[in-house]
Amino acid sequence: MVGRGGILLSASAAGGGAVVGAGVGLWRLALVQGTAADRKVRPLTTPAPPVREFYGNPTDAPFVLAMVGDSSAQGTGVHHYDDTLGGWLASSLAATGRHVRVVSTAVDGARAEHLDAQIAGIARATSAPPDLVVISIGVNDIRARTPAATAARQLGAAVAELRRGGSTVLVGTTPDLSVIAAVRAPLRQVVWLLSWQLERAQTPAVRAAGGTPVRMRTSISQAFAADPALFAADGLHASSYGNACIGAAMFDTYQRELVARAEQTAAQADPAVHGGPAAQPDLADLAELAELGGLAASTELAVHQGSGRDGLGDGERTRGGAGQGARSARQIRMRWRGKSP
């Protein structure tokens, strides 16, 4: 859910200016708290499991789900990929009859400035734009003291690039970091303020770029605050139960996106607007909506039960990084549009 333990230490440093106003003593206390929390959390952190690439019926053309961002998108905190956010979404999509391919370039510690390189990695791994891209980013920007406006601008640029390729883009915004049990006042107030500022900048930036924000500060963060079982053993990342909670919110948002898209298509085909015969609804879209609607009854059950698997998944993790030489936005667009860069 939130990135590595070092954020607790770094967030206290990043928020130093806010705390100094109340006295140097409070700032020093927050710094000590961050150091103590970091030492407590780090040894308990479970590395992300290898990506399970395929879900569903292999006879069908794959629906490509791309996971982009930091450790929350990568799956740090659980042992099996099915229990990660990406695995939960892929399983839910496969339950509609799809053959789902997961492509992940998410990296532990990633910041918004790294999204361009991760998108380039997705382009290298796919012959066409992904059908759905899920981005989870923000916590490490707080850790690195990236100004909220800068991080939001970088995120918006990444979303716009993906939308130009035709992908649906969902963005899990920065959660309320003050719900982490290891955080104590005054550090709690510092991380609350910093995460609020970043989420407030991210949400309009994502919408303006054509993506859909899934706000983690609202009911999601409240659920994590109320139920420690949503956290992994380190008390920082999401457990399988927590990923199911986040995944259900993401999946519900995706269903609404499909409905909105179908309504927009119908409106554009309205003869009163365009002066021509109304186009018939796309049968594939209608079938997709019907299949997704059938999952409504099972979503709540999945959230409350979680998948509860242990052990490692199969497949290999696909990771990208700035060191691999990110392609420019123009090159990515040309590749996805079937042209040579």
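Structure: see above.
Summarised in this report is the structure supplied together with it. (Residues numbered from 1 in each chain as written. Predicted model: local features only at pLDDT ≥ 70, side-chain atom pairs only at ≥ 80, totals over all residues. Heavy atoms only, no water.)

Comments concerning the side chain of Ser 239
With respect to the helices and strands, the residue Ser 239 is situated in the loop between α10 (219–226) and α11 (240–268). Setting aside anything within four residues of it in sequence, one finds Ser 239 in contact with Val 78, Asp 83, Ala 229, Leu 230, Phe 231 and Ala 232. (Helix = DSSP H or I, 4+ residues; strand = E, 2+ residues; numbered from the N terminus. Contact = heavy atoms within 4.5 Å.)

Topic: the packing of α10 against α11
Closest axis-to-axis distance for the α10/α11 pair is 10 Å, and the angle between their directions is 160°. The orientation of α10 relative to α11 falls into the category roughly antiparallel. α11 is crossed by α10, and the crossing has right-handed handedness. Here α10 contributes Ile 220, Ala 223 and Phe 224 to the contact with α11, which in turn contributes Gly 242, Cys 245, Ile 246 and Ala 249. Of the residues contributing to the contact of α10 with α11, the split by class is six nonpolar, one polar and no charged. (Axes fitted to C-alpha atoms, helices over the stretch in contact; angles between N-to-C directions. Parallel < 35°, antiparallel > 145°, perpendicular 65-115°, else oblique. Left-handed = near helix turned anticlockwise from the far one by under 90°. Nonpolar A, V, L, I, M, F, W, Y, C, P; charged D, E, K, R; others polar.)

Looking at the sheet that holds strand β1 (residues 54–56)
Neighbouring strands of a sheet are bound in pairs by backbone hydrogen bonds; such pairs are parallel or else antiparallel. Taking strand neighbours across the sheet as the criterion, the six strands line up as β1-β3-β2-β4-β5-β6 in an open arrangement whose pairing is mixed. What marks the edges here is a single partner per strand, and that holds for β1 and β6 (212–214). Recorded for the sheet is a direction-independent mean angle of 25° between the axes of neighbouring strands. With six bridges connecting them, strand β2 (residues 62–69) and strand β3 (residues 99–104) associate as parallel partners. Paired with Leu 65 across the bridge in β3 is Val 102. Contacting β4 (132–136) and β5 (168–172), helix α8 (residues 148–164) crosses the sheet at an angle of about 155° to β5. (Pairing = 2+ DSSP bridges.)

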